[in-house]
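Residue-level structure breakdown
Each chain, written out:
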Amino acid sequence: VDVFQAWCGPCKTVVDLFQKIRNEVGSNLLHFAVAEVDSIDALEGYRGQCQPVFLFYAEGELVAVVRGVNAPLLQKTILEQL
């Protein structure tokens, strides 16, 4: 989940990375979503940050968090969690 604030919008620079990985591993294993923290109370703890935050869930549980746009770390985290 790409967690963002309304004033900066979702992180568009990593969309290509997610699409590439999804094509490589199969679309049934990886799902990408965006969530605006200002409109979701459960994400209140992520408000006021100036960098994007990527939350990784498996079976409904938060399993990893990556802060900032770090393509190698995002790719590594995705592949480890799959």
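Reading the values: rules and limits
- Here, residues in each chain are numbered from 1, in the same order as that chain's written sequence.
- Reporting of local features is limited, given that this is a predicted model, to residues whose pLDDT is at least 70; pairs of side-chain atoms are given and counted only at 80 or more, and all residues count toward the totals for whole chains, interfaces and linings.
- Hydrogens are left out, water is left out, and the side-chain values use all remaining heavy atoms of the structure.
- Site definitions follow a grid-based scheme: protein atoms alone, a 1 Å grid, a 1.4 Å probe that fits but cannot get out for cavities, and for pockets an open set with protein on both sides within 12 Å along at least five of seven lines, plus lining residues having an atom within 4 Å of a point.
- Grid points are joined across faces, edges and corners, and a volume is the space filled by probe spheres set on the points.
- Only Asp, Glu, Lys and Arg are considered charged in this grouping, and only Ala, Val, Leu, Ile, Met, Phe, Trp, Tyr, Cys and Pro are considered nonpolar; every other residue, Gly among them, is considered polar.
- In this description, strands pair whenever DSSP reports at least two bridges between them.
- A run of DSSP states H or I qualifies as a helix once it reaches four residues; a run of E qualifies as a strand once it reaches two. Both are numbered from the N-terminal end.
- Think of pLDDT as the predictor's per-residue confidence, scored from 0 to 100.
- Residues enter patches when their relative accessible area tops 30% and they take part in no salt bridge; the joining distance is 9 Å for like charges and 5 Å for the nonpolar side chains Val, Leu, Ile, Met, Phe, Trp and Tyr.
- In these tables, accessible area is a Shrake-Rupley quantity obtained with a 1.4 Å probe, and a residue counts as shielded only by the protein chains included in the view.
- We define a salt bridge as a side-chain nitrogen of Lys or Arg found within 4 Å of a carboxyl oxygen belonging to Asp or Glu.
- Note on exposure labels: buried denotes an accessible area under 20% of the residue type's maximum, exposed denotes more than 50%, and partly exposed covers the range between, all computed with a 1.4 Å probe on protein chains only.
- By definition, the arc is the one covered by directions from the helix axis to the C-beta atoms.
- In this description, a line fitted to the C-alpha atoms serves as the axis of each element, helices being fitted only across the stretch in contact, and the angle between N-to-C directions of two axes falls anywhere from 0 to 180 degrees.

1. Quick notes on empty space enclosed by the protein
Following the criterion strictly, the structure yields 1 cavity of 30 Å³ or more and no others. Of the volumes computed, that of the largest cavity is approximately 60 Å³. Lining the largest cavity are 11 residues, with Val3, Phe4, Gln5, Gln49 and Gln51 sitting closest to its centre. Residue composition of the lining of the largest cavity, by class: 8 nonpolar, 3 polar and no charged.

2. Quick look at the pairing of strand S3 (residues 53-58)
Here 2 bridges tie strand S1 (residues 2-4) to S3, and the two strands are oriented antiparallel to one another. Among the inter-strand pairings, Asp2 is bridged to a residue of S3, identified as Phe54. Relative to strand S4 (residues 61-67), S3 runs antiparallel, the two sharing 6 bridges. Among the inter-strand pairings, Leu55 is bridged to a residue of S4, identified as Val65. Hairpin connection from S3 to S4: 2 residues lie between these consecutive antiparallel strands, with Glu59 at a positive phi of about 55 degrees.

3. Quick look at the confidence of the model for the chain
Confidence along the chain averages 84 in pLDDT terms, with 96% of residues attaining 70 or more. Mean pLDDT across the elements of the chain ranges from a minimum in S1, with 83, to a maximum in S4, with 93.

4. Looking at a nonpolar patch on the surface
A contiguous nonpolar patch, built from Leu29, Leu79 and Leu82 and spanning about 280 Å² of accessible area, is present on the exposed surface. Inspection of the secondary structure puts Leu79 in helix H2 (residues 71-81). Under the relative-accessibility criterion, Leu79 is labelled partly exposed at 42%.

5. Digging into H2
Within H2, burial applies to Leu74, Thr77 and Ile78. One face of H2 carries all of its buried residues, which in axial projection span an arc of 100 degrees. Exposed residues pointing more than 90 degrees away from the buried face of H2 are listed as Pro72 and Glu80.

6. Concerning the sheet that holds S3
Across the sheet, which stays open at both edges, the 4 strands sit in the order S2-S1-S3-S4 with mixed pairing between neighbours. Each having just a single partner strand, strand S2 (34-36) and S4 make up the two edges of the open sheet. Taken over all neighbouring pairs, the strand axes of this sheet differ in orientation by 30 degrees on average, direction set aside. Strand direction decides the pairing type here: S1 and S2, joined by 3 bridges, are parallel.

7. Section: the environment of Lys20
If you trace the backbone, Lys20 turns up in helix H1 (residues 15-25). Each C-alpha atom of the pair Lys20 and Gln75 lies 9.9 Å from the other, and the pair is 55 residues apart in sequence.

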